[in-house]
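Residue-level structure breakdown
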Amino acid sequence: MAKRFFRRRLYVIIIVLAALVAEHGWSLYGSEETKQAEKEERQAIGGDGTSDNKGDEPEESRGRDRRFTVPRVIGRRDKGLILYRMAYTTSYNTATRTPNWVGWALTAEHTDGEHARKNHYFREDTDVPEPRAVYSDIREGECGYQRGHICPAGDNKWSKKAQEEAFLMTNICPQDGHLNQNDWKYLEQACREWANTYKTAYIVAGPIFRSKPYRTVGENKVAVPDAFFKVVMVYKGKNPQAIGFIYDNVSGHHDMEHYARSVDEVEQLTGLDFFHELDDTVEEKIEAQCDFSAF
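This is a predicted model, so every value here is computed, not measured. (Residues numbered from 1 in each chain as written. Predicted model: local features only at pLDDT ≥ 70, side-chain atom pairs only at ≥ 80, totals over all residues. Heavy atoms only, no water.)

Quick look at the pairing of strand E12 (residues 239-248) now. Most of E12 sits out of view: 8 of its 10 residues are buried. Note: strand E11 (residues 227-236) against E12, 10 bridges, orientation antiparallel. Residue pairing for E12: methionine 233 is matched across the bridge by alanine 242. In this structure, the hairpin formed by E11 and E12 is closed by a connection of 2 residues, where glycine 237 is found at a positive phi of approximately 70 degrees. In this sheet, strand E13 (residues 260-261) lies alongside E12 in antiparallel orientation, the contact comprising 2 bridges. (Buried < 20%, exposed > 50% of the residue type's maximum accessible area, 1.4 Å probe, protein only. Helix = DSSP H or I, 4+ residues; strand = E, 2+ residues; numbered from the N terminus. Pairing = 2+ DSSP bridges.)

This is the structure in structure tokens:
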């Protein structure tokens, strides 16, 4: 009888302990699950507060000033998949296989360096879903377009990793070869000069699609932009100054002033709100102007 009583009591104790452990374990699991859900929710918030985000922002780029390099999406346009890189942030469009925009802060210290584009190669970006752009999709001899950087290789010579990431296909668009090697390149050089003069140039650039449906190239159907935009803001002392540019994706040569536009005009074409962290009065003033001589 005593042994039977002892066994029953031991059995009850085991059941109670098992229940407590199960409850505690589920509590821990629920806590971890909640933490993971919160983390994923944070990751789902991009620079504009609404866009999708691919993973955590890299440690080496945290703290970099992105207030003026991540535009806000206006209306119901595709907000894109936000990708954080060492030197830039980009919104990737899974339909066009191109960026919606790429934004970066170019400092005077980063306008040159020892990591030139030599020995760096265009490569597929495995951070985005398939189908995605690959090297063979954009071959000038086959499609008539070159691989045009949005955030240029010339702005990333200060770091090997930054240069490598500049060659990811998510930073590339099919671009007219003459434009790529001439007028667009001259604007990139001008931005580096402005960064040297004003210490930092805040830049956002990307493609413009007017055609519906748009033309595509390559096996993965990478969309060909009709034009490209770039907006630039610098501080002249304490006063911000901004200007925009629109370049049609065709051959031809014009002075840089020919391509200059107000930031307001670029916003109307792209559905993006640039430099929205500025005071509203200041933003409205500088974005309505198109004064190329001020730079």
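Here aspartate 273 shows up in strand E14 (residues 272-273). For aspartate 273, a relative accessible area of 12% corresponds to the buried category. Sequence-distant contacts of aspartate 273, defined by excluding residues within four places in its chain, comprise Pro71, Arg72, Ile74, Glu267 and Glu283. (Contact = heavy atoms within 4.5 Å.)

Another point: the pattern of salt bridges. The full count for this structure, using the stated rule, is 10 salt bridges. In this structure, lysine 157 and aspartate 112 form a salt bridge, with 3.4 Å as the shortest nitrogen-oxygen distance. A residue pair is termed long-range when its members are at least 10 positions apart, and lysine 157 in the loop between strand E6 (146-149) and helix H3 (160-166) and aspartate 112 in the loop between strand E5 (98-107) and helix H2 (140-143) qualify at 45 residues. When the shortest N-O distance is used, the salt bridge between glutamate 142 and arginine 139 registers 3.7 Å. (Salt bridge = Lys/Arg side-chain N within 4 Å of Asp/Glu carboxyl O.)

What follows deals with unusual backbone geometry. For the bond from glutamate 130 to proline 131, the omega torsion is -5 degrees, close enough to zero to count as cis. Looking at where proline 131 falls in the secondary structure, it is placed in the loop between E5 and H2. With a phi angle near 80 degrees, lysine 199 is a residue other than glycine that sits in the positive phi range. Along the chain, lysine 199 turns up in the loop between helix H5 (183-198) and strand E8 (200-208). In this structure lysine 199 comes out as exposed when scored by relative accessible area, which is 65%. The backbone phi angle of lysine 221 is positive, close to 55 degrees, even though this residue is not glycine. With respect to the helices and strands, the residue lysine 221 is situated in the loop between strand E9 (216-217) and strand E10 (222-223).

We now examine the confidence of the model for the protein chain. Scored by pLDDT, the protein chain comes out at a mean of 84, with 78% of its residues at no less than 70. Ignoring residues within four places in sequence, the model shows residues 1-8, a span with pLDDT below 50, making 0 contacts including any to other chains. Note on residues 19-63: pLDDT under 50 across the span, and 49 contacts to partners over four residues away in sequence or across chains. (pLDDT = per-residue confidence, 0-100.)

This next bit is on the pairing of E5. Counting buried positions along E5 gives 10 out of 10 residues, so the element sits mostly inside the fold. Alignment of strand E4 (residues 89-93) against E5, held across 5 bridges, turns out to be antiparallel. Note on E5: the bridge partner recorded for serine 91 is tryptophan 101. Taking the residues between adjacent antiparallel strands as the criterion, E4 and E5 are bridged by 4 residues, where arginine 97 takes a positive phi near 65 degrees.

Here we come to the packing of helix H7 (residues 263-270) against helix H8 (residues 280-288). Axis separation between H7 and H8 bottoms out at 6 Å; the angle between their running directions is 90 degrees. Classified by the angle their axes make, H7 and H8 are roughly perpendicular. Contacts between H7 and H8 involve Val263, Asp264 and Glu267 from the former and Glu283, Glu287 and Ala288 from the latter. Classifying every residue of the contact of H7 with H8 by side-chain character gives 2 nonpolar, no polar and 4 charged. (Axes fitted to C-alpha atoms, helices over the stretch in contact; angles between N-to-C directions. Parallel < 35°, antiparallel > 145°, perpendicular 65-115°, else oblique. Nonpolar A, V, L, I, M, F, W, Y, C, P; charged D, E, K, R; others polar.)

With 16 residues, H5 should reach 22 Å at 1.5 Å per residue; the first-to-last C-alpha distance of 22 Å fits that figure. Those residues of H5 lying buried are Asp183, Trp184, Leu187, Glu188, Ala190, Cys191, Arg192, Trp194, Ala195 and Tyr198. Trailing H5 by a residue or two, lysine 199 shows a phi angle of about 80 degrees, which is positive. (Expected span 1.5 Å × (residues − 1).)

We now examine the nonpolar core. Core analysis: the biggest nonpolar cluster contains 34 residues, and Trp104, Leu187, Trp194, Val232, Phe245 and Tyr247 have the highest contact counts within it. Those elements that provide at least two residues to this core are E5, H5, E8, E11, E12 and helix H6 (256-259). Broken down by element, the residue count for this core peaks at 7 residues, all from H5. Discounting chain neighbours no more than four positions away, the residues touching leucine 187 are Trp194, Lys230, Phe245, Tyr247 and Met256. Counting 23 residues, the second largest nonpolar core, distinct from the first, contains Phe68, Ala105, Ala227 and Val231. (Core = buried A, V, L, I, M, F, W, Y, C linked by side-chain atoms within 4.5 Å.)

What follows covers the packing of aromatic side chains. Applying the stated criterion across every chain yields a total of 13 aromatic pairs. Summarising the aromatic geometry, the rings of phenylalanine 209 and tyrosine 214 are spaced 5.4 Å apart at their centres and angled 50 degrees between planes, so their arrangement reads as tilted. One aromatic cluster is present, formed by Trp184, Trp194, Phe228, Phe245, Tyr247, Tyr259, Phe292 and Phe295 through successive ring pairs. Between lysine 230 and the ring centre of tryptophan 184, over which it is positioned, the NZ or CZ distance is 4.8 Å. (Phe/Tyr/Trp six-rings, centres within 6.5 Å; stacked < 30°, edge-to-face > 60°. Lys NZ or Arg CZ within 6 Å of the ring centre and 35° of its normal.)

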